[in-house]
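Observations on the three-dimensional arrangement
Here is what each chain is made of, one letter per residue.
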Amino acid sequence: MTTTCHLPVLDMGADDYVYEMTDYEGARARWCPGCGDHSILTAVQRLLAAEQLTPENTVFVSGIGCSSRFPHYLKTYGFHGIHGRALPVATGVRLNRPDLTVFVVMGDGDCTSIGAGHWIHALRYNLDMVVMLLDNGIYGLTKQQTSPTTPQGFPSNTQPRGSWLPALNPLQVALGVTNASFVAQTAEWAPAHLYATLRAARQHRGLSFVRILQRCPVYSSALFLKAVQNPDNIGMLVHDDGVVVPELARLYANQIAHDPHDLDAARRMAGVTDRLNLGVFYRDDSRPRYEETRRVPPRTAAERVALIEAELDRYAV
Ligand code: SF4
């Protein structure tokens, strides 16, 4: 696991400094040409600038996978962790440094397979952070293995005759977790919608779970082809408390009024199979957040060492 710190060389003392998108650019992204992750990175940089999040108070935590290289490509703090464990790391950061803005980036294998237990409990804990699931329906980094979100029948190197099982639906899972407070879906090929969704997620108080449909032109290029080529295969969920992007209304004719405070309707919208629904499915800003019940009092380094020593003494034999 690696931690990254690419803080910009800026006059950090200047209160009136206005951050530009370029202030958040880290190393040159090494994803394949045409990879949807490039679009997501741009939307995130746009979000950081729009929210004027200071790089030294922002941290991106990731697991393992193509998308998990995200922290390297941003000039913020970052923690490129181990497979499936981004959420426990982010939970620790959030609880011990409530002054930081925390983002989590995971792939579909990372989040919905090895990290599924952490995912469910993180949704329930509802800590204030933005959790992005970059879902390309395949393990890309390890060269095209079936993941839980691979559609049934889709061939891979591990199941060359096609995935045996119906795909797991991350929205339905998230909407089934007690205390989940924000569930949305967007697509990287609709950058205006992607940005607006991330902005809504960032402004939500609690854990914002955003599934981002992401094209992998190398290993699952056919996955979202119908929706990319024909916007009529997309349903745009619109509501004043959700995401409304007026300039997309002409392109995406299926504008569906959906109240994101209606959990039953959200579950119905998530189960639709004849089109891809994008938007905020559910939100409830009043849900309890774990950090409200478990405040970690600020302690000095010496106090922390003393506490650890006292704890270890309890187990001395
Ligand atoms: Fe992106 Fe796929 Fe290349 Fe990974 S293998 S970087 S997901 S295009």
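Analysis parameters
- Per chain, the residues get numbers from 1 upward, laid out in the order the sequence is written.
- Per-residue local features are limited, in this predicted model, to residues with pLDDT of at least 70; the limit for side-chain atom pairs, both in listing and counting, is 80 or more; totals at the level of whole chains, interfaces and linings are taken over all residues.
- Calculation of side-chain values draws on the structure's entire complement of heavy atoms; hydrogens and water are dropped beforehand.
- Secondary structure elements follow DSSP: runs of H or I no shorter than four residues count as helices, runs of E no shorter than two count as strands, and numbering proceeds from the N terminus.
- In this setup the radius of gyration rests on C-alpha atoms only. A globule is expected at 2.2 Å times the number of residues raised to 0.38.
- Residue burial is assigned from relative accessible area. The probe radius is 1.4 Å, only protein chains are included, and a residue is buried under 20% of its type maximum, exposed over 50%, and partly exposed in between.
- We call two residues in contact whenever any of their non-hydrogen atoms come within 4.5 Å of each other.
- In short, Shrake-Rupley with a 1.4 Å probe defines the accessible areas, and a residue's cover is counted only from the protein chains shown.
- Positive charges come from Lys and Arg alone, negative charges from Asp and Glu alone, with His and the N- and C-terminal ends not counted.
- Note that the charge is assigned to NZ on lysines, CZ on arginines, CG on aspartates and CD on glutamates.
- Patch definition: residues with relative accessible area over 30% and no salt bridge; like charges joined within 9 Å; nonpolar side chains (Val, Leu, Ile, Met, Phe, Trp, Tyr) joined within 5 Å.
- In the sections that follow, a salt bridge refers to a side-chain nitrogen of Lys or Arg positioned within 4 Å of a carboxyl oxygen of Asp or Glu.
- Helix axes are fitted to C-alpha atoms over the stretch in contact, other axes to C-alpha atoms as well, and angles between N-to-C directions run from 0 to 180 degrees.
- Here is the rule for angles: anything less than 35 degrees is roughly parallel, anything more than 145 is roughly antiparallel, 65 through 115 is roughly perpendicular, and the remaining ranges are oblique.
- The sense of a crossing depends on the near helix, which, turned anticlockwise from the far helix by less than a right angle, makes the crossing left-handed and, turned clockwise, makes it right-handed.
- Side-chain classes follow a simple rule in which Ala, Val, Leu, Ile, Met, Phe, Trp, Tyr, Cys and Pro form the nonpolar group, Asp, Glu, Lys and Arg form the charged group, and the remainder, Gly included, forms the polar group.

**Points about the overall build of the chain**
Along the chain, the regular secondary structure elements total 10 helices and 10 strands. By the compact-globule yardstick of 20 Å for 317 residues, the chain fits well, its C-alpha radius of gyration being 20 Å. Principal-axis analysis of the C-alpha atoms places the extent of the chain at approximately 60 × 55 × 40 Å. Residues counted as buried form 50% of the 317 residues belonging to the chain. The contacts in the chain between residues at least 6 apart in sequence include a share of 68% that link residues at least 24 apart. Surface accessibility of the chain: about 15100 Å² in total, with carbon and sulfur atoms responsible for 54%. The averaged location of the 31 negative side-chain charges in the chain is 6 Å from the averaged location of its 29 positive side-chain charges.

**Some remarks on a negative patch on the surface**
There is a patch of like negative charges on the surface, built from D240, D241, D259, D262 and D264. In this fold, D259 is placed in the loop between β9 (255-257) and α8 (263-270). Residue classification places D259 among the partly exposed residues on the basis of a relative accessible area of 35%.

**Some words on the pattern of salt bridges**
All told, the structure shown has 13 salt bridges when counted by the stated rule. Between D128 and R289 there is a salt bridge, with the nearest N and O atoms lying 3.9 Å from each other. Taken together, the positions of D128 in the loop between α4 (116-125) and β5 (129-135) and R289 in the loop between β10 (276-283) and α9 (290-293) put the pair 161 residues apart, joining distant regions of the chain. Of the residues examined, R289 reaches a relative accessible area of 12% and is grouped as buried. Of the charged contacts, one joins D284 and R287 as a salt bridge, the two residues approaching to 3.3 Å between their closest N and O atoms. Note on R287: relative accessible area 22%, which makes it partly exposed.

**So, the packing of helix α1 (residues 37-51) against helix α6 (residues 191-203)**
Their axes nearest at 9 Å, the elements α1 and α6 cross at an angle of 50°. By the angle class used here, α1 and α6 are oblique. As for the relative orientation of α1 and α6, their crossing is right-handed in sense. For the pair α1 and α6, the contacting residues are S39, I40, A43, V44, R46, L47, A50 and E51 in the first and L194, Y195, L198, R199, R202 and Q203 in the second. Its residues assigned to classes, the contact of α1 with α6 comprises eight nonpolar, two polar and four charged.

This is a description of form; function is not addressed.
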